[in-house]
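Observations on chain architecture
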Amino acid sequence: MKRIPKTPVEFDYDLWTTEDGKCMVRVKATGETTEVDREVMKALRNEEKKLRRSYDTGGASDCEDSEDAQPSTVLSLDAVPEDDVKASAWLESPEKMEEDIITGLLEQEFIRSLTKPQLDVYMNCMRGNMSMLSYAKQNGLSFSTVKDTRDAIRKKFKKIF
């Protein structure tokens, strides 16, 4: 007779089928054994499977027959019930790469629209850490010229973004 795999300790029943096709259940707490309908057996097996899947053992199994042992981790999205797939946050990447890519492309377009002086102000003052006053002194410009350039950059920025 083939050995029947052990049920998880936390599961309240031992389940098996006899050679003549009867579905048998033993209540662990009382030791009472009874024959049940196939639908009841299916429901109990489903509960047992849910309990096994809830274990995070990384493939360890309570089964004594290693050939019949199934891995406890889900290896395919086909094996996950559709409701779980829709509700699972683990399917979505926490990084919003689409937004980063779109922003990068828009910024490239924006940079191409700038004149050389505007690009220099943008890279040093708006993207860099240099103040407009320091930039004006370093390049021999008046503060108001740098400020006007910054305002022109902002107008172009609003058009693209």
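For the structure, check the block above.
Residues numbered from 1 in each chain as written. Predicted model: local features only at pLDDT ≥ 70, side-chain atom pairs only at ≥ 80, totals over all residues. Heavy atoms only, no water.

Concerning the nonpolar core
Phe 110, Leu 114, Val 121, Tyr 122, Cys 125, Met 132, Tyr 135, Ala 136, Val 146 and Ile 153 form the largest nonpolar core, which has 10 residues in total. Looking at this core, the elements with two or more residues in it are α4 (116-126), α5 (132-139) and α6 (143-160). Among residues more than four places away in sequence, those in contact with Phe 110 are Tyr 122, Ile 153, Lys 156, Phe 157, Ile 160 and Phe 161. Counting residues in each nonpolar core, the second largest holds 6 residues, with Cys 23, Val 36, Met 41 and Leu 44 among its members. (Core = buried A, V, L, I, M, F, W, Y, C linked by side-chain atoms within 4.5 Å. Buried < 20%, exposed > 50% of the residue type's maximum accessible area, 1.4 Å probe, protein only. Helix = DSSP H or I, 4+ residues; strand = E, 2+ residues; numbered from the N terminus. Contact = heavy atoms within 4.5 Å.)

Concerning a negative patch on the surface
Together, Glu 95, Glu 98, Glu 99 and Asp 100 make up a negatively charged patch on the protein surface. With respect to the helices and strands, Glu 95 occurs in the loop between α2 (82-87) and α3 (97-113). (Patch = residues over 30% accessible without salt bridge, like charges linked within 9 Å, V, L, I, M, F, W, Y side chains within 5 Å. Areas by Shrake-Rupley, 256 points an atom, 1.4 Å probe, with all protein chains shown as cover. Salt bridge = Lys/Arg side-chain N within 4 Å of Asp/Glu carboxyl O. Lys, Arg positive; Asp, Glu negative; His and termini not counted. Charge placed at Lys NZ, Arg CZ, Asp CG, Glu CD.)

With respect to the environment of Phe 143
Within the fold, Phe 143 resides in helix α6. Spatially, the C-alpha atom of Phe 143 lies 5.9 Å from that of Leu 133, the residues being 10 residues apart in sequence. Other than its neighbours up to four places away in sequence, Phe 143 contacts Met 132, Leu 133 and Ala 136.

Thoughts on the packing of α3 against α6
Orientation of α3 relative to α6, taken along the N-to-C sense of each, is 140°, at an axis distance of 10 Å. With respect to their mutual orientation, α3 and α6 come out oblique. Crossing handedness for the pair α3 and α6: right-handed. On α6, the residues that touch Leu 106, Glu 109, Phe 110 and Ser 113 of α3 are Ile 153, Lys 156, Phe 157 and Ile 160. For the contact of α3 with α6, the class distribution of residues is 5 nonpolar, 1 polar and 2 charged. (Axes fitted to C-alpha atoms, helices over the stretch in contact; angles between N-to-C directions. Parallel < 35°, antiparallel > 145°, perpendicular 65-115°, else oblique. Left-handed = near helix turned anticlockwise from the far one by under 90°. Nonpolar A, V, L, I, M, F, W, Y, C, P; charged D, E, K, R; others polar.)

Observations concerning the packing of aromatic side chains
Across all of its chains, the model carries 2 aromatic pairs by this definition. A centroid spacing of 5.2 Å and a plane angle of 75° characterise the contact between Phe 110 and Tyr 122, whose relative ring orientation is edge-to-face. Placement of Phe 110 in helix α3 and of Tyr 122 in helix α4 is noted, with a sequence separation of 12 residues between them. Of the residues examined, Phe 110 reaches a relative accessible area of 0% and is grouped as buried. The exposure class assigned to Tyr 122 is buried, which follows from its relative accessible area of 8%. Judged by centre distance (5.5 Å) and plane angle (85°), the ring pair of Phe 110 and Phe 157 falls under edge-to-face. (Phe/Tyr/Trp six-rings, centres within 6.5 Å; stacked < 30°, edge-to-face > 60°.)

Thoughts on the pattern of salt bridges
Going through the model one piece at a time under the given rule, you end up with 7 salt bridges. Here Asp 14 and Arg 26 are joined by a salt bridge, their closest N and O atoms 3.1 Å apart. Note that Asp 14 is positioned in strand β1 (residues 13-17) and Arg 26 in strand β2 (residues 23-27), a separation of 12 residues in sequence.

Observations regarding the packing of α3 against α4
Closest axis-to-axis distance for the α3/α4 pair is 8 Å, and the angle between their directions is 135°. Considered as vectors, α3 and α4 are oriented oblique to each other. Counted together, Glu 107, Phe 110, Ile 111 and Ser 113 of α3 and Gln 118, Leu 119 and Tyr 122 of α4 form the full contact between these two elements. When the residues that make up the contact of α3 with α4 are grouped by side-chain class, the tally is 4 nonpolar, 2 polar and 1 charged.

Brief notes about the sheet that holds β1
Spatial ordering of the open sheet is given by β1-β2-β3, a layout of 3 strands whose pairing is antiparallel. In this open sheet, the two strands that pair with only one neighbour each are β1 and β3 (33-36). Geometrically, the sheet is characterised by an average inter-axis angle of 25° between neighbouring strands, direction not taken into account. Inspection of the sheet shows β1 paired to β2 by 5 bridges, in the antiparallel sense. Residue pairing for β2: Tyr 13 is matched across the bridge by Val 27. Helix-sheet contacts for helix α1 (residues 38-54) involve β1, β2 and β3, and the interaxial angle to β1 is about 125°. (Pairing = 2+ DSSP bridges.)

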